[in-house]
Structures are given as C-alpha cells and as structure tokens.
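A closer look at the structure
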Number of protein chains: 2
Amino acid sequence: MATNMAAPPQPGYVQPDVDVPALTALLDGKYADVRDLVRTNLAKYSQILDEAEEMSIDDFRERVREVVVEMAATGQTGMGFPEEYGGGGDIGASIAAFETLAYGDLSVLVKVGVQFGLFGGAILQLGSKHHHDAYLADLVSGKVMGCFAMTETGHGSNVQALGTVATYDQETQEFVITTTSESARKDYIGNAAKHAELAVVFAQLEVGGASEGVHAFVVPIRENGSVCPGVRIEDDGRKMGLNGVDNGRIWFDGVRVPRTALLNRFADVTPEGVYESPIENPNRRFFTMLGTLVQGRVCVGGAGINAAKVALAIATKYAVRRRQFEATSDTEEELLLDYGLHQRRLFPLIARTYALHFAQEVVAAQLHDVFSGISDDEHTRRELESRAAGTKALGTWHATRTIQECREACGGAGYLAVNRFAALKADSDIFTTFEGDNHVLLQLVAKGLLTDYASEFEDLDQLGMVRFVTNLAVETVIEKTSVHKLFERVRDLLPGGDDWDQEAGLLDPDYQLAMLRFREEHMLAGVARRLKRGIDQKMNPGEVFSHVQDHVVAAANAHVERLVLEAFVDKTRGLPAGDNKVALSLLCDLFALSTIEADRAWFMEHGRLTVQRSKAISREVNNLCRKIRPIAVPLVDAWAVPPEMLRSPDLVG
Amino acid sequence: MATNMAAPPQPGYVQPDVDVPALTALLDGKYADVRDLVRTNLAKYSQILDEAEEMSIDDFRERVREVVVEMAATGQTGMGFPEEYGGGGDIGASIAAFETLAYGDLSVLVKVGVQFGLFGGAILQLGSKHHHDAYLADLVSGKVMGCFAMTETGHGSNVQALGTVATYDQETQEFVITTTSESARKDYIGNAAKHAELAVVFAQLEVGGASEGVHAFVVPIRENGSVCPGVRIEDDGRKMGLNGVDNGRIWFDGVRVPRTALLNRFADVTPEGVYESPIENPNRRFFTMLGTLVQGRVCVGGAGINAAKVALAIATKYAVRRRQFEATSDTEEELLLDYGLHQRRLFPLIARTYALHFAQEVVAAQLHDVFSGISDDEHTRRELESRAAGTKALGTWHATRTIQECREACGGAGYLAVNRFAALKADSDIFTTFEGDNHVLLQLVAKGLLTDYASEFEDLDQLGMVRFVTNLAVETVIEKTSVHKLFERVRDLLPGGDDWDQEAGLLDPDYQLAMLRFREEHMLAGVARRLKRGIDQKMNPGEVFSHVQDHVVAAANAHVERLVLEAFVDKTRGLPAGDNKVALSLLCDLFALSTIEADRAWFMEHGRLTVQRSKAISREVNNLCRKIRPIAVPLVDAWAVPPEMLRSPDLVG
C-alpha cells in the first residue's frame, strides 16, 4: 500500500505519444502479412460470433466446420505443413496465424487446433513419408477431418499410464486396438463426436507379449459418415464453452488396423513382429515422441494472450466513455479510467499482456528454429519444451484472470452476451487445462531446472524426480544455486556491489532482472535442499515431494516470470529512441515492478527488499499507472483487434 | 513459502472425527426447518438443471417462472412478508430460504430475488398500507409478477443521478413518467422482458418545478400480456448466464400514473401538489429509502457463499476418487487430495467458506432484528448496511474465485456442462456486480468507518466524502486510530505487552484477531492521513481520492475480514468441547492464518511480522492443511447440498 502522494516526475521525462501503426508493426513482427490475412478472414466471418449464440449446438458445429474449411482454402491454417502437401512451409507463420485467430470465435480456433495442430501435427511429426503422402494433402485442405485420441477418462496428465492397448497380430500383420476398461475410453476428444474420419490413437503397444509403451496409430473411425465396426462413439455433450467443437468419447473393441498404421518415425514393428527403434531408452523414446507435439502448447499460450487482449481492449475503451459519480468536478461525473483504482485494475494487466506477447514471440521463434532444423539439439529441445510449458501456463492463467477483471470492470453491460465477455470467458476457461494442466506444466518446468534437463523432460514421475534430485544432482544444484554464486551472477548484471538491491534505481531494468533472477535461483535452491533434507530424514520420497510441491510450483513460476521480463527488456532495449520506446519502457517497468510488488513478501522474507523500498515500489506502480493513463487507448489499439471482433457496440462506441 | 518440513504435532492434539449431522445442525442454525424445506423443493425440481441446458431461452424462462410460482405455493419464497398477506412473517427465515436456494439453479434463485426481494421488498418497505393491500397478497403468491426498475444504461452505481423523471401534474393528480434520454432507459431489469405486469420505477420526482430527488412509483407496464401504452420494452437478449431470467430495457414516454402510485412511506405529494416528508434532509431521505432495500445485498452475499459450497463439495469429492501419477507408491497412482498442492488449493477456500457462512449468519440475524423492530436505531441501521455491503462483496468474490479454482481442480471433466461448473460459473458471475458493484460497496464500507456513520451511509459522493473526512472528522479519525490507541486496543485483546505480536501463539485466536484489528485500524488511519495531506497540499479533492482509492478499498477489506474472523472465532468458542469443535478450530485457524499469510507483506512492512514468524505462518498453513485432509469430505458433506444439486455423476460417484 502506497503511503505517499505522487512522487515527483523523473527529470527529463516527457509524456510520450504512441505511434499506433508503428507499434502494431513491432508487435506483429515478421509475420505481419499472415496476421493481417487472419484479421481479414476474421472480419469476413464475423457473423460467427452471433451464430455461436443463436444456433443450436448441432448447427453451430456444422457452421464451425464450414468456416474452418473455408479458412483453410485461404492458406491460413496450413502454414506449418510442407509446401508439397499444400502447406506454407513456415512453422513460425503457422503460430502467428493461430495466435491471431484467437481474436475471434474460439470454437473456430480450437477446431483449427484439433485438425491442423493436433491431428495434422501428429501425422507430420510422428509419421513417415508413407503417412504424409496418404494424409497430409487431404487434411491440409480440410477434406479429411481427424482427431487426436490421446486423453482417456482415467488419464489426462499422466499419458504414460494410458489404458488403451494395441497388440500386434503377426499372422495378419495387423494391430488390434482395444479399450481395456471404462476408464480407458478416449474422452474429451475434439472432432470425435461428429466430424473425424480418422483418429490418431495413442495406445500401449504390445508385441510378442512384451509391452513397448505408448505409441500412436492412425485408425479410421468413420467411413461415409458411419462409425466403423468395433468403434463406439459417444458425444461429450454440452460444455461450458467451445460448443462449436464436437468433443466425444471413443471405445475400441478389437479394431484391426494394418501394420503401417503405426506412426513409425521413432519406432516400428517389422512384419515378423520385431520391435525396432533408433532410440533405445523407452522413456526417452516416449518423451521424444511427445516432444514433437510441443507446438500445441505454444499455440494455446499465444491464444490465451490474444484472448486477453480482446478483453482489455473492450474494458479500456469502455472506461474512457463511461462516467460514474462526481469526483473531480461538481458538475460532471468522472471517467472510470481516471479513477486510480480502475487504473490499478487494468494497467498492470495491459503491461503483463505486452510482456507475455514478447515472451511468446521468443518461444515461437525458438519453436520455428528447432522444427525447421535451424538449431536442433537435445538440450535446445528440452529448453524449448520447458519454455513452451511455462509460457502456456502463465499465458492461459493470465487470460482467465484478465477476462474476469475486464468483465467486472464493465459492470452489468459486461454480462450481456453481445458484449463479448460471455463467450470469451466460457470458451477460454479450458485453456488452463488442455494441452497440459497448468499446475502439472509448472512442475515440468521445475523439474527441467532441477535436473538441468539431464533426464527426459516430460517424464513427470515424482518418485523418479525426487530420486534423481536427491541422489544425483542435488549437490550440483545446491552448489550452482549457492548464495555466493547467486550473488556473483546478480553482480554480472548489476555491478553495484553487495548492496545492489538497495542502491539501484527502481526503474533500472538490470535491477528488476536481478530481483527476478535472485528469486528464481533462491527458490530453486530451497526446493533442492528441502528434497534432500526430506530424504535424509528417511521420509517417503512421494511425501517429501507432496510437502515441497507448492515451493516447486513457485520456483517454476519465478523462472518463467524472469524469462518473460527478459524478453520484454530485450525487446525494449532494441528499439530506436522515440515515443514508442518510452511508452514500452513504461509498460516494461510496470510489469517488472507490479510483479515484484505481488511477491514483495517473499523479497522481504529473503532480505532483498527493505520495508522502505517495498513501499516505494508500490508508489512507483501507482506513478506508472498515471503516466500510462493518457496512452492507454493507443496501447490497446496497437493490438489491432478487428473492430468486428470487439463487438460490444454500446461499450466501445 | 515454507522452508521447513512438517512441524511436530501440538502436544495433546488428537485428530477429530466429524459428526456430520451435528455439524449440519450447527450450520443450519435456527432455520434448519426452512432450509430443509428448500432442500426438498430443490430435489423435487432437480430436472431444472437439465432444462437450463436443453431448453430454448424462451421455454426456459417460462419454465423458471413456473417453478418459482410452484415453490411460492410451498411458502418458501414468502417468508419475509406479513402473515396477513400470505407471508411467513419471519425475515430471518426468508434469508435462510434464499441462501439455501443457491444450491440449485441460479436463474430460479434470481427470479425469486427479483419478484419477492426487489419488487416485493420495495412495495413492502417503501409503500404504505394502501400499496400493501393492493399488491402484497398477489405478489406473494406469484399471481402478479413485477420488476424493480432502478438501474439505467447510464447509471448503475450512482443511483442519485438517475435520468428518469416523474413530474406531478396537479390538474389530473397524476405523475408523468418520462425517459429523458437514451442513457436514462431502464436496463438489465429482471422480469421486464417478458413477465412483469408492474414495475417499481425509480425516478427524479418533480413537483411544481422543484426537484425532490429519486422516489419510487408503481407503474403498470403490461396488461393481459400486452405492453401498456407509452411503455416500450426491449429484451436484453442472451446473457453470460441466468438465461432463465428475462432481463430487459424499459422506456417511458409520458406514462401517467395516479398520485397514489408513489410509494409514500417516506415522502408524499398532496393532491394540491405539496411535497411532504418526515425526513427533512433530501440526502438522508434518499438513503433511508435505499437503506430499507439492504435485504437484497444480504441475500446475494449468502447466495454467493452457498454457490461456492456446491463447487467445493464437487471438487473435494472428486479429489478423493481421482488418482494421477505414482507419487508415494510405485504401483498405485496418488489421490489428488493427497498432494500438498491440491490441499493448498482447496482447503483455505473451504475454511474461508465456513468463515463467511458464520459472518453471513451474523449479518442475517442483524437484518432480522433491525427489520423486525427488535433493535432499530440509526446507528444500528448504518452498521447493518456497512456489514451487508462488506459481506456481499467478500462473499461474491469468494464465489467467483472458488468456482474457478474448483473447475480447474476437476480438469477437463470440470468443463462438461453435466458436471455443474459451467452453470455455476456463468450464473454466479454477475453476483460481484448486481446489488452493488463490489468495489463501490467496499468504498461505502470505508466511508462508514471514516465518518463513524455520521453521514448518510450510502451517499458515496467522493467529493463529499473527502470534504467530510478532511474538514470535519480527520482529527478524530487520526486521534482514534493513533498508533498509541491502536496498541491499547490490541492490548485489551492480548495482554502480552508490546511484544504481543512476537510472543503469542500462532494458533491463539486472540493473536489472530489482534493482527487483523491492527491492520484495519492502521490502514484506516493511513487513509485519513493521506486524504488530509492531499487537501493540505491544495490538491483537487477528487484527485486526492483517486490516488488513495486502492488504500480505501484495502482498508475496507481489512475491516470486513476482521468481522468475518470475529464471527468464526465467536462461533467456535461457543461450542461445547468435542470433535466438531476441534474440527472447526482447525478451519478457523486456517482461515485466520491464510488470511494473514496472503497479506504478510503488509504486516512485515508495518512491523507486525518478522521474517521468521512470516515463514512460520506459511508452515503452519501447510500443517493445518494436512490435519484437515482426513476430514475434508465430512466438512463439505456438512453443508448438506442435495446430491441432485451436485449432479456430476462421474465426479462425485
């Protein structure tokens, strides 16, 4: 809580004017053309926002399919596939297109994600030329629809424990796919209830009595509109949102597919029933396969960030139209955005949205480089997977929180469906769960940090993790994160000596980065020590982990927030001097200081923040809000959300 | 972040077994019979949860009306009306009935609130015998439906600035009701789009050219199903939720009503056009009128708390069925509720729900006493209004946050409509806005504290407030809240001397109360000082207020949390020794310590928490979670949510 009035303005500070087109160009980056193509398509199909409300579920599902196929014809959805199959051959462009699509109806977005990202991505990444030739051209055009049948009723996060089995029958050279129990039915599968003809089914492969772990198979589930023999499909029914996507359950009763149905890039079964894989370790093999699907996480994270932009654009524009209560004048009521509290509610969210946008740009570029073969080694892949998991978790939680705050900031008007929040809120709600539960993802991130990506990253077996950390690496981690080393690393950033945390200016990005870096490393070291101590005390490793789990998640969060700030600082530093640089610096400072403020208890507890300085940070956050007030509308305009997607005629005018 | 493993158990601590029926009886209190009647009705009409999803909006609105009228016939909805008009003559019972109804479909709840609370309440509280005789019996039975036309498109929170005008025409002895601009149309009015025959319309009364402020009039808007001449009604259309309630907009074009249409308990116009009122001050008159409608806020707060119970009951029961990942065993996956992080996510919310339940019990009892004439003086009324505003704000935010956390804790299954969260989330979302925007309500609370309820409480004119505080009372407030006095008051509670905050046991309720009391008074004094300093510096009072606004809201929140803790401590202390007392004490400790933990930065900044003690509190929160783990299911069972209302067949089993 700030206890002072306004601090004096910094000497030399001049309130910036935002150059909106230039800022949009900066945000859109190298994929500006692709993003504009999607914006045009969104405007063209803007009717879908009404149809989402007015149509029956059945009709809306058909309509969404139609729009997706028509958008596919513009090339928008196939950017990530090789050109010889009708794609655009540019993975970065495919991410940019998907992110931008999140300005519109999210059923369309998710249907695109299912068809081209999950189903198409599995065929592309896990299959070989045989599968590409057979399926890619038709799926890129939307002629063949497919689904991605991984999750089961009993297993979502723990994919290694799936119950569906695929047994090799050497006699017929077929795999026999079987749902072994009710909890092994595939569930929540997008495209399954109505449209998919093919399914990529994840199942435990059994060859000659041996279990080889989870593999993916292409299984026809519908032919000419009828469900195939041995397959049973049930509609998941109405959902909180995304009702334009036909989610369903699938059971397999001894369904036979040819030997070539195995997506065999990483493992194959010979006609004679010999299991072969270039990757010897089964765990490593499994996580290598899964790792190729990381694009889905990158996409969902970006979509969450862009959904937040829509909400913030509406709420900010409303707040410069809506007046309520006389405050500074006896005769005219005050604009909502001139209230300090309203600024406090919206501006840190705008700042965080910008920060996440630039962090997303980094992870999308890394994804492009890894999957285009520009830089692709084991360690880089693990780092990409970690960054994708972290950005997805923070981006989607940010969406949930931001959309809620913006709805409340628009009062009763925000509750009317025409004003957009109803769909935004209901449709985006599941983003925190699908493509990886956020709490599980942050534990993945922490594990990568603790083990320095030494083991297969996705393998979130807590027992294994605890054992690994306590037996093998803990000395290294503790050494690496010792307070001494920690100070050394911080000193690299801020050469101010041991009092760096007291002497640096609050608005010095190196100070802000040093704070977030200190927090991350200190938390990580704490986790390692607590795990080790628990094991030394002969506690059950699972129990140890359970006790430390909130600390684990906090450390991961600290890591990702540091990456996000780095991305924002790098981007801002790289800009030429000018008003847009000043404006972005205000936002970057606000993101950094409001992030430190939110965790100021931790910084005080760990000696990095005095009471004085903590209060000064709160005051500075308020100062920054007042500086951002005059440029708030240009800052949300720069996101270039098509007006048709903002809708809300009475709110944004 | 806790840095230690488990603390040793307290000596003498024995894990309690919860006696569920006894705990339910305690929670249900003196209105157990009424609550059970509602539970029975909810189970009888449980089909409504399906109908909400399956029916068209038009059909569902009719169905909700039908259910409401049928429930009215059981006496459930008329508890608060005098017996001579078919009511139950017991205001406390009417609150209990309404709260319990929140276990079910919330369109039914809100339709009941509109008809019997808002419309019926206005007739009862603002009208005189003439109006009671004319309307009460028919509205209590549901034969006549009405609406409460206060909010306009342009004014929600600032009711004093409404634009609708009612001009007295002496010649015809009629009032002429006119919508003076587009922004003065009535908006979001429940029951308006379809069902209401009558409206209680709030309008600026003009008599003989003089403006007398906002008053309420009974205006027929439909006769035999047709909209009355001069009235125009538009449907608000689809909303995020509550689509069984027909919200609409109303315009009045010179609609004439007889002089007796004025609800004249607090003011009247003689046939000759003389304005008369027993309350001389117009502001005071207005807020006295509004104050009689406080019951709506008490009801919504209680409804929010009970909606949170439904979500927590589902998520807790799911977490003792769902397993994911091997953790403590190599062969069996771990129950979600055995993960420390999952306990951290759910148990503080369960504790806060209990705390709010008992705080709600206090405010409902005060309401009963005031409106039954048992204790009814100005100061008591103002305190009731403040408590109602605060409990409503905290109860409804708690609902939003809890339902979201519980949905996420149920993963993908939580997203299916059949599993209840879709409706709970969408329907309850507006609770934070209607019956008073929560941020505005907390400012009302703060104003009451700063002015010691000296002025009319609801009058949230910031200019007036700043002037009042700075000119009249600031010395008093600052004196009253001086650190010296503050310590004195804390010492009354904790006679441990000046080191009370370091020496008391964390689990001593007096310590917990002293902490919350210190925070409240210190924040309040800070607000007063900052206001005074701003004015002394010749700043515009509105600007001063804007700068201090987040501090104002924080002070109000601190006040309400203190009241909530007091209610919980009082309830727990009053129990006979036994397992249920032990169980409630665990929850009360968890509520208190997780509340302090959430604001531990503030306590450190203000010298009331050392780093050591702050960390100890986090450890204790984790300890308490582990103690609550074995009794978590009985604790949510004690809320006695009818199983039909939990729905979620695959989640709760």
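Calculation criteria
Residues numbered from 1 in each chain as written. Chains lettered and ligands numbered in written order. Predicted model: local features only at pLDDT ≥ 70, side-chain atom pairs only at ≥ 80, totals over all residues. Heavy atoms only, no water. Helix = DSSP H or I, 4+ residues; strand = E, 2+ residues; numbered from the N terminus. Rg over C-alpha atoms; globule rule 2.2 N^0.38 Å. Buried < 20%, exposed > 50% of the residue type's maximum accessible area, 1.4 Å probe, protein only. Contact = heavy atoms within 4.5 Å. Areas by Shrake-Rupley, 256 points an atom, 1.4 Å probe, with all protein chains shown as cover. UniProt positions renumbered as here; feature names shortened; annotations may be inferred. Buried area = accessible area lost by both parts, 1.4 Å probe. Salt bridge = Lys/Arg side-chain N within 4 Å of Asp/Glu carboxyl O. Polar contact = N/O pair within 3.5 Å; in protein donor to acceptor, adjacent residues only side chain to side chain. Nonpolar A, V, L, I, M, F, W, Y, C, P; charged D, E, K, R; others polar. Axes fitted to C-alpha atoms, helices over the stretch in contact; angles between N-to-C directions. Left-handed = near helix turned anticlockwise from the far one by under 90°. Phe/Tyr/Trp six-rings, centres within 6.5 Å; stacked < 30°, edge-to-face > 60°. Lys NZ or Arg CZ within 6 Å of the ring centre and 35° of its normal. Domains from an automatic or database assignment. Pairing = 2+ DSSP bridges. pLDDT = per-residue confidence, 0-100.

Things to note about the overall build of chain A
When its secondary structure is counted, chain A shows 24 helices and 14 strands. Against the globule reference of 26 Å for 653 residues, chain A gives a C-alpha radius of gyration of 26 Å, in line with a compact fold. The principal-axis extent of the C-alpha atoms belonging to chain A is close to 85 × 60 × 40 Å. A buried classification covers 64% of the 653 residues belonging to chain A. When contacts within chain A are restricted to residue pairs at least 6 apart in sequence, long-range pairs at least 24 apart make up 74% of them. Split by element, the accessible area of chain A, about 21,500 Å² in all, is 50% carbon and sulfur.

Things to note about the UniProt feature "domain: Acyl-CoA dehydrogenase/oxidase N-terminal" (unreviewed entry) in chain A
In this structure's numbering, the residues bearing the UniProt feature "domain: Acyl-CoA dehydrogenase/oxidase N-terminal" (unreviewed entry) are residues 34-143 of chain A. Taken end to end, residues 34-143 of chain A comprises 73% helix and 0% strand; its first and last C-alpha atoms sit 23 Å apart.

Describing the interface of chain A and chain B
With 100 residues of chain A at the contact, the number on the chain B side is 100 residues. Around 8,200 Å² of area is buried between chain A and chain B when both sides are counted, 53% of it from carbon and sulfur atoms. Linking chain A with chain B are 10 salt bridges, by the criterion used here. For the pair chain A and chain B, the number of links is 57 residue pairs in polar contact (both at pLDDT 80 or more). The dominant element in the side of chain A that touches chain B, judged by the number of residues it contributes, is helix H18 (residues 541-573) of chain A, at 11 residues. For the side of chain A that touches chain B, the per-class residue count stands at 34 nonpolar, 34 polar and 32 charged.

Comments concerning the side chain of Asn243 of chain A
Residues and elements named next belong to chain A. Counting through the fold element by element, Asn243 comes out in the loop between strand S9 (231-235) and strand S10 (248-258). Here Lys239 takes part through its backbone nitrogen, which lies 3.0 Å from a polar atom of the side chain of Asn243. Residues in contact with Asn243, not counting those within four places in the same chain, are Ile57, Phe60, Arg61, Ser107, Gly237 and Arg238.

Quick word on the packing of helix H5 (residues 91-101) of chain A against helix H9 (residues 295-319) of chain A
Residues and elements named next belong to chain A. For the pair H5 and H9, interaxial distance at closest approach is 8 Å and the crossing angle is 40°. H5 and H9 meet at a crossing whose hand is right-handed. Contact with H5, carried on its side by Ile91, Ser94, Ile95, Phe98, Glu99 and Thr100, involves Gln295, Val298, Cys299, Val300, Gly302, Ala303 and Asn306 of H9 and no other residues of that element. Here the residues of the contact of H5 with H9 are counted per class, giving 7 nonpolar, 5 polar and 1 charged.

Digging into the packing of aromatic side chains
To describe a pair of aromatic rings, you give the distance between the ring centres and the angle between the ring planes. Residue and element names in this part refer to chain A. Summed over all chains, the structure comprises 20 aromatic pairs over all chains. Aromatic side chains Trp602 and Phe603 sit 5.4 Å apart centroid to centroid with 90° between the ring planes, which places their arrangement in the edge-to-face category. Summarising the burial analysis for this pair, Trp602 and Phe603 share the class buried. Among the aromatic residues, those joined into a cluster by ring pairs are Tyr354, Phe358, Phe568 and Trp639. The ring centre of Trp251 lies 3.8 Å from the NZ or CZ of Arg232, which sits over that ring.

Some points on the domain arrangement of chain A
Residue and element names in this part refer to chain A. The domain architecture assigned to chain A consists of domain 1 (148-282) and domain 2 (294-637). Placing the centre of domain 1 and that of domain 2 at their C-alpha centroids yields a distance of 37 Å. On the side of domain 2, 8 residues touch domain 1, which itself brings 5 residues to the contact. Together domain 1 and domain 2 conceal approximately 500 Å² of surface at their shared face, both sides included; 60% is due to carbon and sulfur atoms. Counting the surface domain 1 buries against domain 2, the share from its top three residues, Ser157, Met240 and Leu242, is 75%. Our count for the contact surface shared by domain 1 and domain 2 stands at 0 salt bridges. Counting every contact that joins domain 1 to domain 2 gives 1 residue pair in polar contact (both at pLDDT 80 or more).

A few points about the pairing of strand S6 (residues 210-220) of chain B
Residue and element names in this part refer to chain B. Looking at chain direction, strand S5 (residues 198-207) and S6 are connected through 10 bridges and run antiparallel. From the neighbouring strand, Leu198 faces S6, where its bridge partner is Pro220. Connecting S5 to the antiparallel partner S6 that follows it, the hairpin turn spans 2 residues, and Gly208 within it adopts a positive phi of roughly 55°.

Details of the pairing of strand S13 (residues 323-326) of chain B
Of the pairings in the sheet, the one linking S13 of chain B to strand S14 (residues 333-335) of chain B comprises 2 bridges and is antiparallel in character. Pairing of Arg323 of chain B across the sheet is with Leu335 of chain B, part of S14 of chain B.

Some points on the confidence of the model for chain A
Residues and elements named next belong to chain A. Scored by pLDDT, chain A comes out at a mean of 92, with 92% of its residues at no less than 70. Predicted confidence is poor over residues 1-7, with pLDDT under 50, and the contacts of this stretch with residues over four places away or in other chains come to 33 contacts. Scored as a whole, the predicted complex attains pTM 0.96, and scored at its interfaces, ipTM 0.95.

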